[in-house]
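In case you want the letters, here they are:
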Amino acid sequence: MRSRTTTQHGTALIRRWGAGSGGLAALVAEPEPIRKPISDSGGVLTVDPSARLQQEVTLAQLPAPPTAPSTEAGACTTEVNPRGTGCVDPGWGGLGSIGTYWPDSDHMLVGVNFTGAPATGPGAAYTGPQVLLVKTDGTTFTNGDGYKCLTCGHPAPTPPAGPHSDFGNSVALTYPINGFRDGSRALAGTNIIDCGEYRFADDQCTPDRLQIFPLEWDAGIGRAGILREPRLNPDDKHIGFSYMVAHDDRYEQIPFMGELVFDAAGERYTVENVRALHNPDPRYQPYVIDGNELRFNPAGMIGEFRGWTHDGTAALGIQHHQSGSIDAWATDNATGRSRVLTPFAGYTDPMAASPDGKYLLAEQVIGSGRVDFLAGIPGIPPIVEQLPTTGHVSGIRNNGKRRFFAPYLVDLESGKSLQVNAGGDPNWNAAADPAWLPDSTGVVWAENLVTAPACGRANPLPCPESGEPGGRRSRLMIAHFDNANPTAAQPVAPAPAATWGVEYHPGDPLPPRPHLPAGTYTMRGADQGSAEVVITENPDKTMITGISVTYTDYSDRDGIVVDGTESVHRKGDIGFEPLTWHSDLTISGTYTGTRRTSEPGGFTLLPATIRNDFEATGTMTTTLDGHTYTQPANGM
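Every chain's residues receive numbers from 1 upward, in the order its sequence appears when written. It should be noted that, the model being predicted, local features are given only for residues of pLDDT at least 70 and side-chain atom pairs only at 80 or more, the latter also being counted only at that level, while totals for whole chains, interfaces and linings use all residues. Calculated side-chain values reflect all of the structure's heavy atoms, with hydrogen atoms and water omitted.

Enquirer: I tried to follow the packing of aromatic side chains on my own but got confused; where do I start?
Expert: For any pair of aromatic rings, the description consists of the separation of the ring centres together with the inter-plane angle of the planes. Pairing of aromatic rings covers Phe, Tyr and Trp, the last through its six-membered ring, and needs centres within 6.5 Å; plane angles under 30 degrees mean stacked, over 60 mean edge-to-face, and all others mean tilted. Applying the stated criterion across every chain, the model contains 21 aromatic pairs. An angle of 80° between the planes, with centres 5.2 Å apart, marks the rings of tryptophan 217 and tyrosine 243 as edge-to-face. Residue tryptophan 217 is found in strand β13 (residues 211-218), and its partner tyrosine 243 is found in strand β16 (residues 238-246); the two are separated by 26 residues along the sequence. Each member of the pair, tryptophan 217 as well as tyrosine 243, carries the same accessibility label: buried. Going along the chain from the N terminus, every DSSP run of H or I of four or more residues is numbered as a helix, and every run of E of two or more is numbered as a strand. Note on classification: 1.4 Å probe, protein chains only; a residue is buried when its accessible area is under 20% of the maximum for its type, exposed when over 50%, partly exposed between these limits.

Enquirer: What should I look at first to understand the state of the cysteines in this one?
Expert: Two cysteines, two sulfur atoms, one covalent bond between them: this is a disulfide. The rule for a disulfide is simple: a pair of cysteine sulfur atoms within 2.5 Å. All chains considered together, the criterion is met by 4 disulfides. The disulfide that involves cysteine 195 links it to cysteine 205, with 2.2 Å between the sulfurs. Linking cysteine 195 and cysteine 205, the disulfide has an S-S dihedral of approximately 120° and is accordingly described as right-handed. Of the two residues, cysteine 195 is situated in the loop between β12 (191-194) and β13 and cysteine 205 in the loop between β12 and β13; the sequence distance between them amounts to 10 residues. Take cysteine 195 and cysteine 205: they sit in the same class, and that class is buried. Across the disulfide from cysteine 455 sits cysteine 463; the S-S distance is 2.0 Å. On the S-S bond that ties cysteine 455 to cysteine 463, the torsion sits near 95°, and the link is right-handed. Exposure remark for cysteine 463: the relative accessible area of 33% places this residue in the partly exposed category.

Enquirer: Would you mind showing me how to read the nonpolar core here?
Expert: Burial of nonpolar side chains together is a common tendency in soluble globular proteins. Side-chain atoms within 4.5 Å link the members of a nonpolar core, which is a set of buried Ala, Val, Leu, Ile, Met, Phe, Trp, Tyr and Cys residues. One finds Ile383 and Tyr551 to be the most contacted residues of the largest nonpolar core, which totals 79 residues. No other element matches strand β37 (residues 544-555), which puts 5 residues into this core. Contact between two residues is taken to exist if any of their heavy atoms lie within 4.5 Å; hydrogens are not considered. If we ignore the near neighbours within four places in the chain, the residues touching isoleucine 383 are Tyr287, Leu294, Leu516, Met523, Val533, Ile547, Val549 and Tyr551. Core analysis: the second largest hydrophobic core is formed by 23 residues, Ala64, Val88, Leu437 and Ala446 among them.

Enquirer: Would you take a moment to explain the pairing of strand β36 (residues 528-537) for this structure?
Expert: The side chains of a regular strand alternate, first on one face of the sheet and then on the other. Paired strands, as defined in this entry, are two strands with at least two bridges between them according to DSSP. In terms of strand pairing, strand β35 (residues 519-524) meets β36 through 6 bridges, oriented antiparallel. Its bridge partner lying in β36, threonine 520 is registered against valine 534. The antiparallel pairing of β35 with β36 creates a hairpin that spans 3 residues between the two strands. Pairing between β36 and β37: 9 bridges, direction antiparallel. Bridge assignment links alanine 531 to a residue of β37, and that residue is tyrosine 551.

Enquirer: Explain unusual backbone geometry to me, please; I cannot follow it from the model alone.
Expert: Backbone geometry follows two general trends: most residues other than glycine have a negative phi, and most peptide bonds adopt the trans configuration. For the bond running from leucine 387 to proline 388, omega is 10°, close enough to zero to count as cis. Its place among the elements puts proline 388 in the loop between α1 (372-375) and α2 (390-394). Residue aspartate 433 is reached from alanine 432 by a cis peptide bond, and omega for that bond is -15°. As for its position among the elements, aspartate 433 is in the loop between β31 (428-430) and β32 (435-436). With a phi close to 65°, serine 440 is a non-glycine residue in the positive phi region. The residue serine 440 is located in the loop between β32 and β33 (442-449) in this model. Given the relative accessible area of 3%, serine 440 is considered buried. We note that lysine 541 has phi near 60°; this positive angle belongs to a residue other than glycine.

Enquirer: For this particular structure, what's the right way to read the sheet that holds strand β5 (residues 95-100)?
Expert: Sheets are built from strands paired through backbone hydrogen bonds, the pairs being either parallel or antiparallel. Taken in spatial order, the 4 strands make up an open sheet running β5-β6-β7-β8, and their pairing is antiparallel. Unpaired on one side and paired on the other, β5 and β8 (147-149) mark the two borders of the sheet. Neighbouring strand axes in the sheet, compared pairwise and without regard to direction, differ in orientation by 30° on average. Strand direction decides the pairing type here: strand β6 (residues 107-114) and strand β7 (residues 128-135), joined by 8 bridges, are antiparallel. Within β7, the residue paired with glycine 111 across the bridge is valine 131. A fitted line through C-alpha atoms serves as each axis, taken over the contacting stretch for helices, and the angle formed by two N-to-C directions is quoted from 0 to 180°.

Enquirer: So what exactly am I meant to see when it comes to the environment of threonine 617 here?
Expert: Summarising the element assignment, threonine 617 is placed in strand β42 (residues 616-617). C-alpha of threonine 617 to C-alpha of aspartate 527: the two residues are 90 residues apart in sequence and 36 Å apart in space.

Enquirer: Even after reading the chapter, I still don't get the confidence of the model for the protein chain, so can you show me in this structure?
Expert: Predicted coordinates in regions of low pLDDT should not be interpreted in detail. Known as pLDDT, the predictor's per-residue confidence is scaled from 0 to 100. Summary statistics for the protein chain give a mean pLDDT of 91 and a share of 91% for residues scoring 70 or more. The model gives residues 1-33 a pLDDT under 50, and that stretch makes 93 contacts with residues more than four places away or in other chains.

Enquirer: I tried to follow the side chain of threonine 441 on my own but got confused; where do I start?
Expert: Along the chain, threonine 441 turns up in the loop between β32 and β33. Looking at threonine 441, the relative accessible area reads 11%, which means it is buried. Any pair of N or O atoms that falls within 3.5 Å is considered a polar contact. Within protein, one atom must be able to donate a hydrogen and the other to accept it, and sequence-neighbouring residues count only if both atoms are side-chain atoms. Of note is the side chain of threonine 441, whose polar atom sits 2.7 Å from the side chain of aspartate 439. Those residues within four positions of threonine 441 in sequence are excluded, and the remaining contacts are Ala479, His480, Phe481, Ala484, Asn485 and Pro486.

Here you go:
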């Protein structure tokens, strides 16, 4: 099943890479004339035609195991799969994260959840989370399948023993998945799978020859620390990951980078010479204070670690770029300077840089309408977001098993972008993580079909029927970029250490995340006008309790003039509590519009939103160029 989408030609947009060998250049202003990043299309905000990338895309599906008729043991019979090579779980998430297989573009690594295996016999190995090698060229392996299981028959990895105040995804093999350049190893969750002298595509690479090594780091807590969403640097020598700790009043998550070391005696990989991809020094905070003035400071903009640039010299992360929109950033390992990559994503986090360094495939919320009520106005600086509001705002992106991600191809030179599956069924949602073919001519990602309770029952959205084989609610998609020139993947030099970040030793406290101190500040527009910013703290000065902003004729080189007031406050001094917005903003110039909350109570996001369950009291409404955007219903 194939479809073709042709997009329109666009014009260069926002930031650019500077010339050089791969480091980040200084940020530069947008070219003139000013181009709109977004505009209305059918009642939702999407990429404006002037900013769309010209690229022909051919979509297709990749092969997957037959679908189990149920999750009961023995349901995967020889009638369902005559070859006895497993059945995929029919539910949401049966097919998952993707990894590049570097020796060629004819294969990709795929996470799968097998189910319905018999209790005994060869078929019993095809159970639970596993790693597949899947054909992308329409051919089959010697047994006739379009896939082979690399890890089936191995015991499931187990988490380190001991009490857990830290947590991550899990130690399962299926997320994330990153292939090594040698084709015989891959990062699989918090493990490394290794087929020794054989590449994964070789017939000789069989589960009995493959080994699974745990990936661990010494966090100084008496046992191995859990790495959240580790991702392999393209140099195959470094790893990045997040470390998350739950406190009574908040989550704490810090990104790290370290060297990957094989411990043969311990039969494991360890992370050594660790540095935080974070530094509490004011030079690496989103805003800096100069006297009584605030200035935006694009440095250390990682937030949550999401991967690497194509050459491994910069870490990918997510932070607010404009008010309400959480975008992709690249932060240079050596300098800590950051550059925004997605002009106006609404929200993004699954992403992958093309091996040739020209593109980013970013799964974004723009085009879904999900966050237009909050993020629908360009030109407003992300100052109230410094409360911070990120946990609450990011939770809006999902409604349980209904995700609002779509895959966008972003040109890293011009900023132009396109939705590669434009016109597709919005009930099929992109899943983390995507991965590129090594020749940079295409990209692969998984999709999941919206599933109860995010539809049906009390939810007014009806649950769609799946047209996939066996009614499964996941599938593997590949987009070929028809006018892209194949580029051989090049060796990657060892990445520079993150010397701007804090050096970390086992047992060290996590480096703190500082906040702007209480006070009244002036923030000057890059083109004109100013904003008065009032920040309040709790009595212990351990967190911000409120930020209020008054804009007067404020404009930041984008032709958008902002006037009015906005504030965000929390009632107490814990992270897991409601946040209340009071907004009365007006914009003019490139766009005309407003962002307003219901008064006198304002718009309050409840803590359940952090868990992807939208719950709010009051309303926030955005208008832009005559169109109106409202929030989702609670529970939706």
